[in-house]
Amino acid sequence: MTQLVDTPSSAFSPWLSTFSTAMTAADPHGVAAVFLPHGWFRDILTFSWDLRALRGPSKISAYLKDNAHSTTISNITLDGNPNLQPQYVPESQDGIIEAAFTYETPVGYGKGYVQLARGADSRWYALLVCMTLNDLKGHEEPHDPPDWEAEAQGRPYGEVIAERHRRNEDNPYVLIVGAGQTGLQVAARLSRMNIPTLLIEQHERVGDNWRQRYDTLALHTPKKQHHLLYQPYPSNWPLYTPRDKLADWLESYAKTQELTLWVKSKLGDKPTWDQARRRWTAIIDRNGSIVKVQPAHIIIATGVLGAAYEPAIPDRQLFKGTVLHANQYKNAHTYTGKDVVVVGAGNSSIDICQDSVVAGAKSVTMVQRSSTSVTARSNVARNMDGTWRDGEPLEIGDYRFGSTPLGMIKEYMIAHQEETWAADRELHEKLRKGGLHLNIGSEGQGQFLMVFERGGGLDKGGADLIASGAIKIKQGVAPKAFTSSGLLFTDGSQLEADVVILATGFKKIRAMSEALFGSEVIGRTSEVWGLDAEGELQGSYRPCGHPGLWFAAGDFFNSRYMSKHLALQIKARELGYVDDGLRSSL
């Protein structure tokens, strides 16, 4: 007897009807009943003006009950976007259906992303529902190009832009510190949403934070993942973007997006917060000139990492060679015929080791103190193809990935560790042959999730050099002291070295922030980056604990997509919908 197979639409339609009835009736138990026992509900600004992720019907029901006073949901309708119609997830082994719906709250419009899977009774239940507030009513982000001629009323274009910059400089509602890819994209989003924003950058040129890194640096993710907001790369852009090309694109982005930007500028004295006025007083050193601004919000967009971390290795003064941190490394041109030792086993380390081999170093040794999570760059690209699918707009992939809780991904990866190891078996055999010790995370979560928690490495050819012995591995030991000719290790062994490069990572951004704002302010904030107990990113693009202070961190996707979440939170405070980070009654 042939079993009938549901079409995605015939499966999704009755589920959406049941979900809609329960959600619009504010029935938390009814909503929870349409989820699998291990299903996830994610709320992005709809119920709590925060980013929350709940696993399992009991937690989902409790969360909705606790926030029942905060809003009402209405007009739940199947999303009309052709890319978000009910469909089976490509290559899904478990027959998962994905789709989207739209909805309203009293203050805004939202979009819901859904994944359905069959339960034990063969009926369809939610594996995931993510409800994301997309726009505030009356303050929607424009989708049409700006009509500068209507604004100009006969004046020259340059005069219009200059006037706009003067307004932003004289009275910025938001001050962004740092004009890397994160600060630029956040500024572009805020500008598009008519939020007066001033962006400051300490370097002489936008992009210098990339230009000052090592010469052979290229992004390790494919271009489809690191396009910039509103301004994607041209069709002939390389798959993996090189350092200088990226730096120049960022510089041009600031100009074409017409951002109000001060280079050679940095915070001077520690900003002070006036709780009564809900304003900061910030002193900016603008290329030697002191300027005072009083924004309502300050966004720290200087990256996930703080200052370089250098372990205190005794007797450094005895060493006759060169010692530098990886962030000071530019190239290996002068290493020909020399013994090079790189302490650390992450992305920078393997790139520096490869450079040194190519430059003709006499020997190249990587010191791996514990174990490292390494995956092939090609595997990363292949996995991203499932999210940012060929033929779909970038925004659809962003929405799909941005709707999926990292905690849910982590849970899946831990349950599929054998597949993770199998995907990189050939690569790992080469690395183990050379003596490298490997892991896929302390919990088996894989290299991808470690990006949000700790870090790892991506291989783009270094494995062959390790397997051949061109890059030697010194494993399981740490430097104990310098000698006049190299390093002494904790096991008593020694290595001769002319150059020692410390690829030992960076301090947390919290330490740098404390230097900028003081311990009284930063002491009120949460950690920035890493996952919280619900699997959400800590302290980034969400309330951090101090009013008017925000952190924007992460890669190109984070700022391209999550800048909208941040902009909505800032606009909601401007409109009086939020008081001190808590949802107001509506």
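Residues numbered from 1 in each chain as written. Predicted model: local features only at pLDDT ≥ 70, side-chain atom pairs only at ≥ 80, totals over all residues. Heavy atoms only, no water.

**Re the overall build of the chain**
Across its full length, the chain carries 19 helices and 30 strands. On C-alpha atoms alone, the chain measures out to a radius of gyration of 26 Å, which is about the 25 Å that the 2.2 N^0.38 rule sets for 586 residues. Each of the three principal axes of the chain carries a C-alpha extent, and together these read 75 × 75 × 45 Å. Residues classed as buried in the chain amount to 54% of the 586 residues present. Element-wise, carbon and sulfur atoms account for 50% of the exposed surface of the chain, whose accessible area totals about 25700 Å². A distance of 4 Å separates the average location of the 61 positive side-chain charges in the chain from that of its 66 negative side-chain charges. (Helix = DSSP H or I, 4+ residues; strand = E, 2+ residues; numbered from the N terminus. Rg over C-alpha atoms; globule rule 2.2 N^0.38 Å. Buried < 20%, exposed > 50% of the residue type's maximum accessible area, 1.4 Å probe, protein only. Areas by Shrake-Rupley, 256 points an atom, 1.4 Å probe, with all protein chains shown as cover. Lys, Arg positive; Asp, Glu negative; His and termini not counted. Charge placed at Lys NZ, Arg CZ, Asp CG, Glu CD.)

**So, the packing of aromatic side chains**
Under the counting rule described, the total for this entry stands at 23 aromatic pairs. A centroid spacing of 5.4 Å and a plane angle of 55° characterise the contact between F19 and F101, whose relative ring orientation is tilted. Of this pair, F19 sits in helix 1 (residues 8-24) while F101 is found in strand 5 (residues 97-104), placing the two residues 82 residues apart along the sequence. Residue class for F101 comes out buried when judged on its relative accessible area of 0%. Both rings, one in F401 and one in F557, keep their centres 4.9 Å apart while their planes meet at 75°; by these two values the pair is edge-to-face. Separated by 156 residues along the polypeptide, F401 in helix 11 (residues 394-403) and F557 in helix 19 (residues 556-574) bring together distant segments of the chain. Ring-pair connections join several aromatic residues into one group, and the members of that group are W388, F401, F448, F452, W529, F557 and Y561. When the ring centre of Y399 is taken as origin, the NZ or CZ atom of K111, which lies over that ring, is 5.7 Å away. We note K474 situated over the ring of F489; from NZ or CZ to the ring centre the distance is 5.0 Å. (Phe/Tyr/Trp six-rings, centres within 6.5 Å; stacked < 30°, edge-to-face > 60°. Lys NZ or Arg CZ within 6 Å of the ring centre and 35° of its normal.)

**Topic: the packing of helix 6 (residues 181-192) against helix 8 (residues 243-256)**
At a closest axis distance of 11 Å, the pairing of helix 6 and helix 8 adopts a crossing angle of 20°. The orientation of helix 6 relative to helix 8 falls into the category roughly parallel. Seen along the crossing, helix 6 lies across helix 8 with a hand that is left-handed. Of the residues in helix 8, those touching helix 6 at Q181, L184, Q185 and A188 are L250, Y253 and A254. Partitioning the contact of helix 6 with helix 8 into residue classes produces 5 nonpolar, 2 polar and no charged. (Axes fitted to C-alpha atoms, helices over the stretch in contact; angles between N-to-C directions. Parallel < 35°, antiparallel > 145°, perpendicular 65-115°, else oblique. Left-handed = near helix turned anticlockwise from the far one by under 90°. Contact = heavy atoms within 4.5 Å. Nonpolar A, V, L, I, M, F, W, Y, C, P; charged D, E, K, R; others polar.)

**Section: the confidence of the model for the chain**
Put simply, the chain has an average pLDDT of 94, and 97% of its residues get 70 or more. Overall, residues 581-586 carries pLDDT values under 50, and its contacts beyond four positions in sequence, including any with other chains, amount to 18 contacts. (pLDDT = per-residue confidence, 0-100.)

**Quick notes on the pattern of salt bridges**
In this structure the tally under the stated criterion is 34 salt bridges. Note that D6 is salt-bridged to R118, the shortest N-O span being 3.1 Å. Separated by 112 residues along the polypeptide, D6 in the segment before helix 1 and R118 in strand 6 (residues 108-118) bring together distant segments of the chain. Taking relative accessible area as the criterion, D6 reaches 27% and is therefore assigned partly exposed. Take R118: its relative accessible area is 36%, and that puts it in the partly exposed class. Note that R123 and D121 form a salt bridge whose closest N and O atoms lie 4.0 Å from each other. (Salt bridge = Lys/Arg side-chain N within 4 Å of Asp/Glu carboxyl O.)

**A short note on the nonpolar core**
Grouped together as the largest cluster of nonpolar side chains are 129 residues, with contacts concentrated most on I299, I501 and L549. With 9 residues, the top contributor of residues to this core is helix 19. Once residues lying within four places of it in the same chain are set aside, the contact partners of I501 are L324, H325, A326, Y329, Y335, V340, V341, V342, V343 and I352. Judged by nonpolar contacts, the second largest core, of 28 residues, contains V31, V34, A99 and L116. (Core = buried A, V, L, I, M, F, W, Y, C linked by side-chain atoms within 4.5 Å.)

**What about the sheet that holds strand 17 (residues 322-325)?**
One open sheet accounts for 5 strands, arranged 17-26-18-19-22; its pairing is parallel. Looking at which strands have only one partner, the edges of the open sheet turn out to be strand 17 and strand 22 (472-475). Each adjacent strand pair in this sheet contributes to an overall mean axis angle of 20°, direction not counted. Contacts between helix 9 (residues 347-358) and the sheet are confined to strand 18 (339-343), strand 19 (363-368) and strand 26 (499-502), with strand 19 contributing the most and set at about 170° to the helix. (Pairing = 2+ DSSP bridges.)

**Focus: helix 14 (residues 425-433)**
All of the buried residues in helix 14 are L427, H428 and L431. For helix 14, the angular spread of the buried residues around the axis is 95°, confining them to a single face. Residues of helix 14 that are exposed and point more than 90 degrees away from the buried face comprise E426, E429 and K433. The positive-phi residue at the C-terminal boundary of helix 14 is G435, with phi of around 105°. (Arc of directions from axis to C-beta.)

**A closer look at unusual backbone geometry**
Residues other than glycine seldom take positive phi values, yet S122 does so here, at roughly 70°. With respect to the helices, strands and loops of the structure, S122 is situated in the loop between strand 6 and strand 7 (124-136). For S122, a relative accessible area of 45% gives the class partly exposed. Its identity as a non-glycine residue notwithstanding, R278 has a phi of 55°, on the positive side.

**Quick notes on the layout of surface pockets**
Each pocket or cavity is described by its volume, and for the second largest pocket that value is around 820 Å³. Around the second largest pocket, the lining is made up of 28 residues, and of these P146, R164, S191, R192 and E258 lie nearest the centre. Those elements giving two or more residues to the lining of the second largest pocket turn out to be helix 4 (148-152), helix 5 (157-170), helix 6 and strand 9 (197-200). No other element matches helix 5, which puts 5 residues into the lining of the second largest pocket. Across the lining of the second largest pocket, the residue classes break down as 13 nonpolar, 8 polar and 7 charged. (1 Å grid on protein atoms, 1.4 Å probe; cavity = no way out; pocket = protein on both sides within 12 Å on 5 of 7 lines; lining within 4 Å. Points joined across faces, edges and corners; volume = space filled by probe spheres on them.)

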